[in-house]
Amino acid sequence: MKSINLSLDYLEINESCFLKFVLLSMVSIVLIGTGNIATHLFDTFSLYDATHVIQVVGRSQESLSYFSDKVDTRLLTNQIKEADIYIVAVSDDAIPEVSKKLKPLKGLVVHTSGSVAMTALLSNNIGVFYPLQTFTKGKKVNFKNIPICIEAEKSANLKTLSSIAEVISDTVYNITSEQRKHLHLAAVFVNNFTNYMYAIGNDICDINNVPFDILKPLIKETALKIEGLSPLDAQTGPAKRDDIETMQRHLGQLKSRNQQKIYKLLSESIQKKYGKKL
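K.L.:
Would you mind showing me how to read the overall build of the chain here?
P.N.:
When helices and strands are counted, the chain shows nine helices and eight strands. Across the 278 residues of the chain, 37% fall into the buried class. Sequence separation of at least 24 residues holds for 53% of the intrachain contacts in the chain that already meet a minimum separation of 6. Entry remark: accessible area of the chain is about 17500 Å², with carbon and sulfur atoms responsible for 56%.

The structure is reproduced here in structure tokens:
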């Protein structure tokens, strides 16, 4: 039999990997909530042996129907199982009250909100597990491409959250509550407000019998452009080039006063950003 000479570095690396595997193989999760985020997390955790959802908790039997034939379900008023981690995926204003009901339990309690501080959780052992993405019911997403922002009071809990996040995502960030608050604000601009601009564009197309699909390649190219350019450098359009004549014509085309206000405000903001005369 040949002897095998293992270096200390090799042993340390593999011991670390082994311990990480053992840790993850024992992690049990209870999901509190039945909305979009809870549903997507459940479907994603179910793909991996390391993340075992043992129970989903909701406020009504109807809301639990999606999960009832897949996992143990309970109403929030009933007994909740002991677990390593409780993920509270409910509306922001419900987080304190829901977490209060989990206070007697020993596991780590985390919420999934982008704008709520970690300290809003009224349990003893708290953290944050925030997937930065827009979730729509019935539209599947690949969590490997979704950044997950984590936070915890204790370093051991942070390591646990990091290990679990790394199972389902390729990108994990340690983000404080203060940073996450500003990140969520930025996300509203780049996602929610941008989508509302799509809605206005769609309305203009509908009114004038133009297919909105014609704009989709432009939308995709605009999003792809910032992979290689900063948003500041990627800006184009009549406001950027100070094309007053075109902007005045556009304002005349808009019949909605609200849309006129939006167009004027955005155009003036772009002009100011790039040093053009208003």
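K.L.:
Could you clarify how one ought to interpret the sheet that holds strand β8 (residues 172-174) in this entry?
P.N.:
What holds strands together in a sheet is hydrogen bonding between their backbones, with the strands either parallel or antiparallel. An order of β3-β2-β1-β4-β5-β6-β7-β8 is seen for the eight strands of this open sheet, with the pairing classed as mixed. A single partner strand is all that each edge strand has here, and the edge strands are β3 (73-75) and β8. The mean angle between the axes of side-by-side strands here comes to 25 degrees, regardless of whether they run parallel or antiparallel. Where strand β6 (residues 126-131) lies against strand β7 (residues 148-152), five bridges are found, and the strand directions are antiparallel. Of the residues in β7, the one forming a bridge with Pro131 is Ile148. Across the sheet, helix α4 (residues 155-168) touches β4 (85-88), β5 (108-111), β6, β7 and β8, and the angle it forms with β7 is around 165 degrees.

K.L.:
It is not clear to me how the pairing of strand β2 (residues 52-58) should be interpreted in this structure. Could you clarify?
P.N.:
Every other side chain in a regular strand lies on the same face of the sheet, so the side chains alternate between the two faces. In terms of residue burial, β2 counts as a mostly covered element, since six of its seven residues are buried. In this region the chain leaves strand β1 (residues 28-32), passes through helix α2 (residues 36-45) and returns to the parallel neighbour β2; the handedness of that crossover is right-handed. Inspection of the sheet shows β2 paired to β3 by three bridges, in the parallel sense. Across the sheet, residue Val56 finds its bridge partner in β3, namely Thr73.

K.L.:
Help me understand the nonpolar core in this model?
P.N.:
In terms of nonpolar packing, the biggest core is built from 29 residues, with Phe45, Val53, Val56, Ile85, Ile87, Phe129 and Leu161 touching the most fellow members. Those elements giving two or more residues to this core turn out to be β1, α2, β2, β4, β5, β7 and α4. Here this core takes five residues from α4, the largest share from any one element. Setting aside residues up to four positions removed in sequence, Val53 forms contacts with Ile29, Leu31, Phe42, Phe45 and Val71. Core analysis: the second largest hydrophobic core is formed by 25 residues, Val57, Leu76, Ala120 and Ile175 among them.

Parameters at a glance
- Residues numbered from 1 in each chain as written.
- Predicted model: local features only at pLDDT ≥ 70, side-chain atom pairs only at ≥ 80, totals over all residues.
- Heavy atoms only, no water.
- Helix = DSSP H or I, 4+ residues; strand = E, 2+ residues; numbered from the N terminus.
- Buried < 20%, exposed > 50% of the residue type's maximum accessible area, 1.4 Å probe, protein only.
- Contact = heavy atoms within 4.5 Å.
- Areas by Shrake-Rupley, 256 points an atom, 1.4 Å probe, with all protein chains shown as cover.
- Pairing = 2+ DSSP bridges.
- Axes fitted to C-alpha atoms, helices over the stretch in contact; angles between N-to-C directions.
- Right-handed = clockwise from strand over helix to strand, strands pointing away.
- Core = buried A, V, L, I, M, F, W, Y, C linked by side-chain atoms within 4.5 Å.

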